[in-house]
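Okay, here's what each chain looks like letter by letter:
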Amino acid sequence: MIFKRLLGLLGKDLAMDLGTANTLLYTPKDGIVLNEPSVVAMDAYKGNIIAVGREAKDFLGRTPERINAIRPMKDGVIADFEVTKEMISFFIKKAIKGLSLVKPRIVICVPTGITQVEKRAVIESALQAGVREVKLVEEPMAAAIGAGLPIEEPIGNMVVDIGGGTTEVAVISLSAVAYAESARVAGDEMNEAVQRYFQDKFQMLIGENQAERVKMTLGSAHPLPETLHGEVSGKNMVDGTPRRIEVTDAQIREAIHEPVAAIVMAVKRALEKTPPELVGDIATNGLLLAGGGALLKGLDVLLSRETNLSVIVDDDPLTTVVRGTGRTLDDIKTYGKVYIN
């Protein structure tokens, strides 16, 4: 019994979606084993880590002077190498419980526009966190695999993966990216747009977490059948007193108009630069929406109207990328050629 358990811990492989907003981990045996915010809380004086993930996210905007709540990923890439290394190490240890006789191998998905320097930062962070081998796969390719698209066939498949820091637009055919565009406009930019809107329109300050909640509950890219209402609490910029106001979905739609328009333009640019045969395939097969941004109400309707394409939202867009990354581990013979390093 002990011998079997030790064999099970031998060389356990992992797939990671190292995102700006959330980090997910997948194992071939257990599926998704971790889904946590990419946030680390640190003691500003001693430099030690106080909390990681969901617990650390609750610290954002609420920390005293001695605690820093840090988001070490920005625009889909590493902004703080040391903190990212500690975060990856923490998540790997949390995902693989018990003694590991052999360090795990890991596949990490990265944005299509990532530079060689940024690639090395991802690989070095993972190696220093305690893995023995690192492979990288592009996010839209992982999303296409996760959604079950026929990527190995000579057919154009279009994927739009909207994460926290980047929007990845890619056309995939014959297990390769025929055209890709990485726009550093996504969920975080929408949150910031909501914060700016409240400052400009209501002279009111709201926190990052509050802005995200407002976006998720009231945000939309296209007018909704019924008007949504919600209360938002914040700080009066004039005298510093607490303030609570009621807003509608139309106001939040106005707030996030610019980042949403930037995403639409990225999709249009990709279509303009894609060969006509592949565009014909996309017109037949439609466009796949994945990532947390795919959950924005009415975004599929807006994209369909602006591009004249049918738009399909993946059944579980938050996990599409990590599921696809995991499938490359499950079937290396079929998907091994999609690795980019």
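Definitions and limits used
Within any chain, residue numbers begin from 1 and follow the written order of that chain's sequence. The model is predicted, so local features are restricted to residues of pLDDT at least 70 and side-chain atom pairs to those at 80 or more, both for listing and for counting; the totals for chains, interfaces and linings are taken over all residues. Hydrogen atoms and water are omitted, and side-chain values are computed over all heavy atoms in the structure. Each helix corresponds to a stretch of at least 4 residues labelled H or I by DSSP, and each strand to a stretch of at least 2 residues labelled E; elements are numbered beginning at the N terminus. Computation of the radius of gyration draws on C-alpha atoms, with the globule rule given as 2.2 Å multiplied by the number of residues to the power 0.38. Throughout, exposure labels follow a simple rule: accessible area from a 1.4 Å probe, protein chains only, divided by the maximum for the residue type, with under 20% read as buried, over 50% as exposed, and the rest as partly exposed. In this tally, Lys and Arg are treated as positive and Asp and Glu as negative; His is ignored, and so are the chain termini. Note that the charge is assigned to NZ on lysines, CZ on arginines, CG on aspartates and CD on glutamates. Both site types are read off a 1 Å grid over the protein atoms alone. A 1.4 Å probe that fits but cannot get out defines a cavity, while an open set with protein on both sides within 12 Å along at least five of seven lines defines a pocket; lining residues have an atom within 4 Å of a point. Grid points are joined across faces, edges and corners, and a volume is the space filled by probe spheres set on the points. Under the scheme applied, nonpolar residues are Ala, Val, Leu, Ile, Met, Phe, Trp, Tyr, Cys and Pro; charged residues are Asp, Glu, Lys and Arg; polar residues are all the others, including Gly. Just so you know, the domain bounds were taken from an automatic or database domain assignment. Contacts are assigned to residue pairs with any non-hydrogen atoms lying within 4.5 Å of each other. Accessible-area loss on putting two parts together, using a 1.4 Å probe and summing over both, is the definition of buried area adopted here. A pair is scored as a salt bridge if a Lys or Arg side-chain nitrogen falls within 4 Å of a carboxyl oxygen belonging to Asp or Glu. Polar contacts, as used here, are pairs of N or O atoms within 3.5 Å; protein pairs need one atom able to donate a hydrogen and one able to accept it. Residues neighboring in sequence count only if both atoms are side-chain atoms. In this description, a line fitted to the C-alpha atoms serves as the axis of each element, helices being fitted only across the stretch in contact, and the angle between N-to-C directions of two axes falls anywhere from 0 to 180 degrees. Every angle not falling under 35 degrees, over 145, or within 65 to 115 is termed oblique; those three ranges are roughly parallel, roughly antiparallel and roughly perpendicular. Working rule for handedness: look at the near helix, and if it is turned counterclockwise from the far one by less than a right angle, call the crossing left-handed; if clockwise, right-handed. Strand pairing requires that DSSP identify at least two bridges connecting the strands. Throughout, nonpolar core names a set of buried Ala, Val, Leu, Ile, Met, Phe, Trp, Tyr and Cys residues whose side chains join them through atoms within 4.5 Å. For the handedness criterion, the strands are oriented away from the viewer, and a crossover whose path from the first strand over the helix to the second runs clockwise is classed as right-handed.

1. Side note on the overall build of the protein
(1) Moving on: In terms of helices and strands, the protein carries 13 helices and 18 strands.
(2) Moving on: Relative to the compact-globule value of 20 Å for 341 residues, the protein shows a C-alpha radius of gyration of 21 Å, a close match.
(3) Moving on: With the C-alpha coordinates of the protein rotated into their principal frame, the extents come out at 65 × 60 × 40 Å.
(4) Moving on: When each of the 341 residues of the protein is scored for burial, the buried share is 52%.
(5) Moving on: Mean positive and mean negative side-chain charge positions of the protein (39 and 45 charges, respectively) differ by 6 Å.

2. Concerning the layout of surface pockets
(1) Moving on: In this model, the largest pocket occupies a volume close to 780 Å³.
(2) Moving on: Lining the largest pocket are 38 residues, with Ala-21, Asn-22, Gly-292, Gly-293 and Leu-318 sitting closest to its centre.
(3) Moving on: Among the elements of the structure, β1 (14–18), β2 (22–27), β3 (31–37), α2 (54–57), β11 (157–162), α6 (187–202), α7 (208–218) and α12 (320–330) are those that each provide at least two residues to the lining of the largest pocket.
(4) Moving on: Looking at which element gives the most residues to the lining of the largest pocket, the answer is α6, with 4 residues.
(5) Moving on: Along the lines of polarity and charge, the residues of the lining of the largest pocket split into 12 nonpolar, 16 polar and 10 charged.

3. Describing the domain arrangement of the protein
(1) Moving on: Each assigned domain of the protein is listed here: domain 1 (1–141 + 321–336), domain 2 (154–185 + 257–315) and domain 3 (187–255).
(2) Moving on: Using C-alpha coordinates to define each centre, domain 2 is positioned 27 Å away from domain 3.
(3) Moving on: Tallying the contact residues gives 15 residues for domain 2 and 18 residues for domain 3.
(4) Moving on: Together, the buried faces of domain 2 and domain 3 total about 1,200 Å²; carbon and sulfur atoms form 65% of this surface.
(5) Moving on: There are 0 salt bridges connecting domain 2 and domain 3.
(6) Moving on: Where domain 2 meets domain 3, there are 8 residue pairs in polar contact (both at pLDDT 80 or more).
(7) Moving on: Among the secondary structure elements, those contributing two or more residues to the side of domain 2 that touches domain 3 are α9 (257–273) and α11 (299–307).
(8) Moving on: Residues of the side of domain 2 that touches domain 3, tallied by class, amount to 8 nonpolar, 5 polar and 2 charged.

4. Describing the packing of helix α3 (residues 81–95) against helix α4 (residues 116–128)
(1) Moving on: Contact pair α3 / α4: the axes reach a minimum separation of 8 Å and the direction vectors enclose 50 degrees. Regarding the angle of α3 to α4, the classification is oblique. Here α3 and α4 pass one another in a crossing that is right-handed. Where α3 abuts α4, its residues Phe-81, Thr-84, Lys-85 and Ile-88 lie against Ala-121, Glu-124, Ser-125, Ala-126 and Gln-128.

5. Notes on the sheet that holds strand β12 (residues 167–173)
(1) Moving on: Overall, mixed pairing links the 5 strands, which are arranged β13-β12-β11-β17-β18 in an open sheet. Strands with a single pairing partner mark the edges of an open sheet, and in this sheet they are β13 (176–183) and β18 (311–313). Mean inter-strand twist for the sheet, computed between neighbouring axes without regard to direction, equals 20 degrees.
(2) Moving on: Pairing of strand β17 (residues 287–290) with β18, which is carried by 3 bridges, proceeds in the parallel orientation. Its bridge partner being in β18, Leu-288 is matched across the sheet by Ile-312.
(3) Moving on: Sheet strands in contact with α9 are β11, β12, β13 and β17, and its direction is about 150 degrees off that of β13.

6. Digging into the nonpolar core
(1) Moving on: In terms of nonpolar packing, the biggest core is built from 43 residues, with Met-158, Val-194, Phe-198 and Leu-289 touching the most fellow members.
(2) Moving on: Sorting elements by how many residues they give to this core places α9 first, with 7 residues.
(3) Moving on: Built from parts of two domains, this core gets at least three residues from each of domain 2 (154–185 + 257–315) and domain 3 (187–255).
(4) Moving on: The residues contacting Val-194, other than those within four sequence positions of it, are Ile-206, Ala-211, Val-214, Ile-252, Ala-255 and Ile-256.
(5) Moving on: By size, the runner-up hydrophobic cluster in this structure holds 30 residues, among which are Met-87, Ile-92, Val-122 and Val-131.

7. Describing the packing of helix α5 (residues 139–146) against α12
(1) Moving on: As a packed pair, α5 and α12 sit with axes 7 Å apart at the nearest point and diverge in direction by 85 degrees. Overall, the two elements α5 and α12 adopt an arrangement that is roughly perpendicular. Counted together, Glu-139, Ala-142, Ala-143, Ile-145 and Gly-146 of α5 and Thr-320, Val-321, Arg-323, Gly-324, Thr-325, Arg-327 and Thr-328 of α12 form the full contact between these two elements.
(2) Moving on: Considered class by class, the residues forming the contact of α5 with α12 number 4 nonpolar, 5 polar and 3 charged.

8. Describing the pairing of β17
(1) Moving on: In β17, alternate side chains face the same way, and those of Leu-287 and Leu-289 on one face and Leu-288 and Ala-290 on the other are all buried.
(2) Moving on: Inspection of the sheet shows β11 paired to β17 by 4 bridges, in the parallel sense. Bridged to Asp-161 within β17 is Ala-290.
(3) Moving on: Handedness of the crossover is the feature at issue here: the chain leaves β17, passes through α11, returns alongside β18, and the resulting connection is right-handed.

9. Let's talk about the pairing of β3
(1) Moving on: Alignment of β2 against β3, held across 6 bridges, turns out to be antiparallel. Along β3, the bridge assignment pairs Thr-23 with Glu-36.
(2) Moving on: Hairpin geometry of β2 and β3 is characterised by an intervening segment of 3 residues between the two adjacent antiparallel strands.

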